[in-house]
Amino acid sequence: MIELVLQALYSGFLQGGSYALIAFGLALVFGTLKIINLAHGELVLLSAYIAYTVESRMDVNPVFAIPFALVLVCLCSVLVYYLLSFIRKDRELNSLILTYGIAIVLTNALLMIWSADVRATTSPWLQEALVFGPLASMRSELIFFLVSLILMGALWWWLARSWYGRAVRAVASNREAAKLMGIDPRLTEILSFVVAGILASFAGVALFSYGVIHPPLGEALTLKAFTITVLAGLGSIPGVMLGSILLGLAEALTVTFASSALQDLVGMILLLIVLFVLPNGLFGVTGGRG
Amino acid sequence: MKVMLLRWAVVVLLAYFFVPWLFGANAYLMSLIVASLVIGGVALAWALLGNLGGMISFGHSAFFGVGAYVSALLAINADFPIWLAMVCGGIGALLVSVLMLPTLRLKGPYFAIAILAYAQIFRIIATEWRSLTNGVAGLSSIPSLPAVLWWESGSKISSYLIVVTLVFAFILVYRWVANSHYGLALRAMHESEDATRVVGVNSTLLKAAMLLLSACMTGMIGAFNAHYINFLEPDYAFGGVWIVIPIVAAIFGGYRTIWGPLVGAVVVYLVDQLLFKNIFPSGHQIILGIILVVMILFSPGGLLPLLTVRTRKRTC
């Protein structure tokens, strides 16, 4: 029993790593533009399918798909920004609908190109089990957990120390004031979409390397990312990290003790509870969303 | 006023006499018309919430699915008469929306996402509650719709007459709300919710009423659809299509008007089914996404207002 719990906690913990990558992309865009990119999960999924294509066509480890994914997903991400920048009237609602439309286009494009079949990696190297005492995981899970830790560290450094990262934060907290300080808001917004794209590319390849992918997954990913974002509260990297791990743990425990079909239910219920009970998240700065 | 009455008379005459008379013999055409009216009904309910309530919902599939399942289960297990089961389907969807009431505290995107989460939750429940819903296998041989006049039960024409009546009832309800002082308060809330509250309007109550009404309407259409196609499965009844098509239809036709969503639904559904389903058998919904993106970018108010603006300019 106790091993089962430990194992569930361990897998959930590792899963949290790639959730953090997805969630941070969403949070970054939300920070600068105040828009939820409903197509974000689809961007992650696009990267996962690129990994699949690279693996099945070129017969190499899906990790080598990362450069291709980076280029394509970042391009798509910037395209989303480009389309969003056309919106003038009723910005909040219209951009929500716009990203929803983009999500539909992407989901169906994935469906048309790669069909509705469920795909998973065939690489034995990635799927090999690594065992530490009572805890077992696939090699890919561990690798991508480390990758996401490194990326989160880099992101923290970027946001906290570099000029552009601070510009992004400035635009997020007060766009007008940031403008007066000589920051080009458009540039920082594009930058936030590019960084979101980079994170999504890594997350997508991670997703493919230890899980199964199919076209409808994108929406679930967006919802998970959003759950983590509200759980964390806006503008907190440790919060996103912790929120992701929390979601990963909750899901893993559900799979272990109830059924894998209820896995997504937990995330949704967590989302609603947080929205209703803790509207500022666990670590968020105070600021209304209610 | 006279012109108004005349216009209504023409529409009613067309809907009740000419459509069955002209197309009644063609089963394929009738099924297309019924299906587009089903979507039109959902789009109208969606637009009621979107236009009057000012809330963009990504969760109407929850109402549609719950309405369908409640009605089907009551008709199968408790031998309810179909029309009563359909009303209960509407009430079931209304109860679901009562569960959603806390979301009204949330603003714009948060509301939209919370509703999206609700829709997912209900789909998962319908899939997993096997003892009641029969899980993924779904419910089959759901009792057909009652007979209307001399057309037999379950025939295309009687189904058509029922759905057309439902849609007309929706239009009347929508018009009544929009023209009442509630409608005025709701329009005022669009300009500034705070200012409207200051004048003494209970804005939360009004928004809640719109949510319940919209849910009930969607549930009844869902119930109709369940008895019309006699089969339900969770992925269909709670499918993304019931979220996407009404949004596309309402945005395409213009959700600020009453006829916009209806016309939009018929046009979008027919174009999708007749044209794009043949060109791209899988993933043909991509066209819905494209329509949505293009409409939002170029004419967020919809196509119908665009046309009327054009003609008005010409007459000036």
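Preceding this paragraph is the structure being described.
Conventions and cut-offs
- Residues numbered from 1 in each chain as written.
- Chains lettered and ligands numbered in written order.
- Predicted model: local features only at pLDDT ≥ 70, side-chain atom pairs only at ≥ 80, totals over all residues.
- Heavy atoms only, no water.
- Helix = DSSP H or I, 4+ residues; strand = E, 2+ residues; numbered from the N terminus.
- Rg over C-alpha atoms; globule rule 2.2 N^0.38 Å.
- Buried < 20%, exposed > 50% of the residue type's maximum accessible area, 1.4 Å probe, protein only.
- Areas by Shrake-Rupley, 256 points an atom, 1.4 Å probe, with all protein chains shown as cover.
- Lys, Arg positive; Asp, Glu negative; His and termini not counted.
- Charge placed at Lys NZ, Arg CZ, Asp CG, Glu CD.
- Contact = heavy atoms within 4.5 Å.
- Buried area = accessible area lost by both parts, 1.4 Å probe.
- Salt bridge = Lys/Arg side-chain N within 4 Å of Asp/Glu carboxyl O.
- Polar contact = N/O pair within 3.5 Å; in protein donor to acceptor, adjacent residues only side chain to side chain.
- Expected span 1.5 Å × (residues − 1).
- Bend = angle between axes of the 7 residues up to and from the residue.
- Phe/Tyr/Trp six-rings, centres within 6.5 Å; stacked < 30°, edge-to-face > 60°.
- Axes fitted to C-alpha atoms, helices over the stretch in contact; angles between N-to-C directions.
- Parallel < 35°, antiparallel > 145°, perpendicular 65-115°, else oblique.
- Left-handed = near helix turned anticlockwise from the far one by under 90°.
- Nonpolar A, V, L, I, M, F, W, Y, C, P; charged D, E, K, R; others polar.
- Pairing = 2+ DSSP bridges.

### Focus on the overall build of chain B
- Tallying secondary structure elements over chain B gives 15 helices and zero strands in all.
- What you see for chain B is a C-alpha radius of gyration of 19 Å, in line with the 20 Å of a compact globule of 316 residues.
- Once the C-alpha set of chain B is aligned to its principal axes, its extents read approximately 55 × 45 × 40 Å.
- Taking all 316 residues of chain B together, the buried fraction comes to 54%.
- With the model as given, the accessible surface of chain B reaches about 13800 Å², and the carbon-plus-sulfur share is 70%.
- Taking the average location of the 17 positive side-chain charges in chain B and that of its 9 negative ones, the two points are 15 Å from each other.

### What about the interface of chain A and chain B?
- Residue-level contacts link 41 residues of chain A with 38 residues of chain B.
- Interface area lost by chain A to chain B is led by Ile 97, Tyr 100 and Phe 276 of chain A, which between them contribute 17%.
- For the interface between chain A and chain B, the tally reads zero salt bridges.
- Run the count over chain A and chain B and you get one residue pair in polar contact (both at pLDDT 80 or more).

### With respect to the environment of Asn 230 of chain B
All names here are of chain B.
- Looking at where Asn 230 falls in the secondary structure, it is placed in the loop between α10 (203-229) and α11 (234-237).
- Once residues within four sequence positions are removed from consideration, Asn 230 is found in contact with Leu 139, Ser 140, Ser 141, Ile 142, Pro 143, Ser 144 and Asn 225.
- Separated by 3.1 Å, the side chain of Asn 230 and the backbone oxygen of His 227 make a polar contact.

### Focus: helix α1 (residues 2-33) of chain A
Residue and element names in this part refer to chain A.
- In this model α1 runs 45 Å from its N-terminal to its C-terminal C-alpha over 32 residues, within 8% of the 46 Å that 1.5 Å per residue would give.
- Within α1, the axis deviates most sharply at Ser 18, by approximately 30°.
- Of all 32 residues in α1, 23 are buried, a share of seventy percent or more.

### What to know about the packing of aromatic side chains
- Counted under the stated rule, the structure contains 13 aromatic pairs over all chains.
- Aromatic pair Tyr 82 of chain A and Phe 86 of chain A: ring centres 5.2 Å apart, planes at 80°, arrangement edge-to-face.
- Residue classification places Tyr 82 of chain A among the partly exposed residues on the basis of a relative accessible area of 46%.
- The interplanar angle of 85° and the centroid separation of 5.8 Å between the aromatic rings of Tyr 236 of chain B and Trp 242 of chain B together place this pair among those described as edge-to-face.
- The exposure class of Tyr 236 of chain B is partly exposed, given its relative accessible area of 27%.
- Put simply, the rings of Phe 30 and Phe 226 of chain A together with Tyr 110 of chain B touch in pairs and so form one group of aromatic residues.

### Focus on the packing of helix α2 (residues 40-58) of chain A against helix α4 (residues 91-114) of chain A
All names here are of chain A.
- Contact geometry of α2 with α4 gives a least axis separation of 10 Å together with a crossing angle of 15°. What the angle tells us is that α2 and α4 run roughly parallel. Crossing of α2 against α4: the hand is left-handed. Contacts between α2 and α4 involve Glu 42, Leu 43, Leu 45, Leu 46, Tyr 49, Tyr 52 and Thr 53 from the first element and Ala 103, Leu 106, Thr 107, Leu 110 and Trp 114 from the second.
- Grouping the amino acids of the contact of α2 with α4 by side-chain chemistry returns nine nonpolar, two polar and one charged.

### Some words on the pairing of strand β2 (residues 129-132) of chain A
Residue and element names in this part refer to chain A.
- Bridging between β2 and strand β3 (residues 135-138) involves four bridges; their strand directions are antiparallel. Bridge pairing in β3 links Ala 129 to Met 138.
- Taking the residues between adjacent antiparallel strands as the criterion, β2 and β3 are bridged by two residues, where Gly 133 takes a positive phi near 55°.

### Structural notes on the side chain of Arg 119 of chain A
All names here are of chain A.
- Among the secondary structure elements, Arg 119 is positioned in strand β1 (residues 119-120).
- Asp 117 provides the closest opposite charge to the buried, salt-bridge-free Arg 119, at an N-O distance of 4.1 Å.
- Only 2.9 Å separates the side chain of Arg 119 from the backbone oxygen of Trp 114, close enough to count as a polar contact.
- Apart from residues no more than four positions distant in its own chain, Arg 119 is found in contact with Tyr 49, Tyr 52, Trp 114, Phe 208, Gly 211, Val 212 and Ile 213.

### Re the packing of helix α10 (residues 217-232) of chain A against helix α11 (residues 237-257) of chain A
All names here are of chain A.
- Look at α10 against α11: their axes get within 8 Å of each other, and the N-to-C directions meet at 125°. Classified by the angle their axes make, α10 and α11 are oblique. Here the hand of the crossing between α10 and α11 comes out right-handed. Of the residues in α11, those in contact with Lys 224, Thr 227, Ile 228, Leu 231 and Ala 232 of α10 are Gly 239, Val 240, Gly 243, Ser 244, Leu 246, Leu 247 and Glu 251.

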